Amino acid sequence: MGSERSPGVWTLLLGLAALPRLSDGGCVEAGKCCQGRAMNCTTQGWRMDRVYGTCFCDQACGLTGDCCFDYSQACPARACIVGEWSHWSGCADPCTPTIRVRRRQVVQEPENGGDHCPTLEEKAGCLDYFTSQGMECAQSHVTAFITTFEYNKSRRRRALSPNWATEKEDPGYCVEFQVKSLSPDCLKESRPHARWMQYLREGYTVCVACQHPAMNIRNHRCYGDGRNANGLLHWEAVGNPQCQGTWKKVKEVESCSCPSVHSFIFT
């Protein structure tokens, strides 16, 4: 008698057996995976919130919370993939502080909630004292225009002009300055190509190299290098005219020996 079930239990078991069985369903079984918001990209199955019914297999379901339980399996997230940076372009305009540009292309667009593409274009300041025909600019800049030493690696070299005083390229020189003042805009700069400006600080000694592309043909000097000057000199960061200040010349040496973050070039 102990093994016998009461009529009420049997009735309950038979009733449960008669209920339709809920299949797992899902995106994989339905073979669906849609981009964007697609109202017809649905199937019947368990949702991620453990509710059974209509669930979605489109890219927007992650935001609305109605994805099928296996959405991530059927539609794996793919992050954006970009190519290598192009070479830096030349200066946009000669003879004036301006910009140069480099770009990269999207190799794979992001899918199914994958990471978005990073920036595809960067701009940086530059200054070229020679026209595209190789002629020296007429004006003489008094302010020292400076940029990061990294720019020197990609700066376009020009052929020696017939007016160049020697047949060999001048190796250049380095000038050490003590920064006396600078505008607050230097410290606020956060653009990737301009973060070098954040390392300019009052009281710090910085090294600024003068090399062939920025030299005056006739005297082999860079504009604003403070030759024969004893007082305060003005400088400006190419790429952000609001980042400027004054410094005092310490000495001129053959080559720069400052840490990389405090090494710049005349441009």
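- The name given to the chain in an unreviewed UniProt entry is Somatomedin-B and thrombospondin type-1 domain-containing protein, with the source organism recorded as Xenopus laevis.

Observations regarding the nonpolar core
Stage number 1. Ranked by internal contacts, the top residues of the largest apolar core, which has 25 residues, are Ile146, Phe177, Leu200, Val208, Trp235, Trp247 and Phe266.
Stage number 2. For this core, the elements supplying multiple residues, two or more each, are β7 (144-148), β8 (173-182), β9 (205-210), β10 (232-237) and β12 (263-266).
Stage number 3. The biggest single contributor to this core is β8, with five residues.
Stage number 4. In this view, Trp247 contacts Ala144, Ile146, Phe177, Gln178, Val179, Lys180, Val206, Val208, Gly231, Leu232, Leu233 and Trp235; residues no more than four positions away in its chain are not counted.
Stage number 5. Ranked by size, the runner-up nonpolar core spans eleven residues in total, among them Cys55, Cys61, Cys68 and Tyr71.

Points about the side chain of Glu122
Stage number 1. Topologically, Glu122 is positioned in strand β6 (residues 121-126).
Stage number 2. With a relative accessible area of 11%, Glu122 lands in the buried category.
Stage number 3. There is a polar contact of 3.0 Å between the side chain of Glu122 and the side chain of Arg102.
Stage number 4. When sequence neighbours within four positions are dropped, the list of residues in contact with Glu122 reads Trp85, Trp88, Arg100, Val101, Arg102 and Pro192.

Remarks on the pattern of salt bridges
Here the idea is simple: oppositely charged side chains can pair when their charged atoms come close.
Stage number 1. One pass over the structure, following the stated rule, counts eleven salt bridges.
Stage number 2. Taking the shortest distance from any N to any O, the salt bridge between Asp49 and Arg47 comes out at 2.5 Å.
Stage number 3. The exposure class of Arg47 is partly exposed, given its relative accessible area of 22%.
Stage number 4. Put simply, Glu252 and Arg221 hold a salt bridge, and the shortest N to O gap is 2.8 Å. Taken as a pair, Glu252 in strand β11 (residues 244-253) and Arg221 in the loop between β9 and β10 lie far apart in primary sequence, 31 residues in all.
Stage number 5. For Glu252, a relative accessible area of 36% translates into the label partly exposed.
Stage number 6. For Arg221, a relative accessible area of 13% gives the class buried.

A short note on the environment of Arg221
Stage number 1. Distance in space between the C-alpha atoms of Arg221 and Cys210 is 7.3 Å, their sequence separation being eleven residues.
Stage number 2. If we ignore the near neighbours within four places in the chain, the residues touching Arg221 are Tyr173, Cys210, Ala214, Met215, Asn216, Arg227 and Glu252.

Observations regarding the state of the cysteines
Stage number 1. According to the stated counting rule, one finds ten disulfides in the structure shown.
Stage number 2. Note that Cys61 is cross-linked by a disulfide to Cys67, the S-S spacing being 1.9 Å. For the disulfide bridge between Cys61 and Cys67, the dihedral angle about the S-S bond is near 95°, and by the sign convention the bridge is right-handed. Of the two residues, Cys61 and Cys67, both sit in the buried class.
Stage number 3. Two residues share a disulfide in this structure: Cys186 and Cys243, whose sulfurs sit 2.0 Å from each other. Looking down the S-S bond of the Cys186 and Cys243 bridge, the torsion is 110°, so its handedness is right-handed. Of this pair, Cys186 sits in helix α6 (residues 185-188) while Cys243 sits in the loop between β10 and β11, and the two are 57 residues apart along the sequence.
Stage number 4. Residue Cys186 is classed as buried on the basis of its relative accessible area, which comes to 0%.

Focus: the pairing of β12
Stage number 1. Burial along β12 is two-sided: Ser263 and Ile265 and Phe264 and Phe266, pointing in opposite directions, are all buried.
Stage number 2. Bridge count for β9 against β12 is three bridges, and the pairing is parallel. Bridging across to β12, Val208 finds its partner in Phe264.

Considering the pairing of β10
Stage number 1. Two strands pair when backbone bridges link them, and β7 and β10 are joined in this way by three bridges, in the parallel orientation. Across the sheet, residue Ala144 finds its bridge partner in β10, namely Trp235.
Stage number 2. The turn joining β10 and β11, which pair antiparallel and follow one another in sequence, is formed by six residues; a positive phi near 115° is taken by Gly239.

What to know about the sheet that holds β11
Consider a sheet: its strands pair through backbone hydrogen bonds, and that pairing is either parallel or antiparallel.
Stage number 1. If you trace the six strands once around the closed barrel, you get β7-β10-β11-β8-β9-β12, paired in mixed fashion. Here the strands of the sheet are splayed against their neighbours by 45° on average, with no regard to which way each runs.

Section: the side chain of Asp225
Stage number 1. Relative to the helices and strands, Asp225 is located in the loop between β9 and β10.
Stage number 2. By relative accessible area, which is 5% here, Asp225 ends up buried.
Stage number 3. Of the polar contacts made by the side chain of Asp225, one reaches the side chain of Tyr173; its length is 2.5 Å.
Stage number 4. What Asp225 contacts, discounting residues up to four positions off in sequence, is Tyr173, Val175, Phe177, Lys249 and Phe266.

What counts, and at which threshold
- Residues numbered from 1 in each chain as written.
- Predicted model: local features only at pLDDT ≥ 70, side-chain atom pairs only at ≥ 80, totals over all residues.
- Heavy atoms only, no water.
- Core = buried A, V, L, I, M, F, W, Y, C linked by side-chain atoms within 4.5 Å.
- Buried < 20%, exposed > 50% of the residue type's maximum accessible area, 1.4 Å probe, protein only.
- Helix = DSSP H or I, 4+ residues; strand = E, 2+ residues; numbered from the N terminus.
- Contact = heavy atoms within 4.5 Å.
- Polar contact = N/O pair within 3.5 Å; in protein donor to acceptor, adjacent residues only side chain to side chain.
- Salt bridge = Lys/Arg side-chain N within 4 Å of Asp/Glu carboxyl O.
- Disulfide = S-S within 2.5 Å.
- Pairing = 2+ DSSP bridges.
- Axes fitted to C-alpha atoms, helices over the stretch in contact; angles between N-to-C directions.

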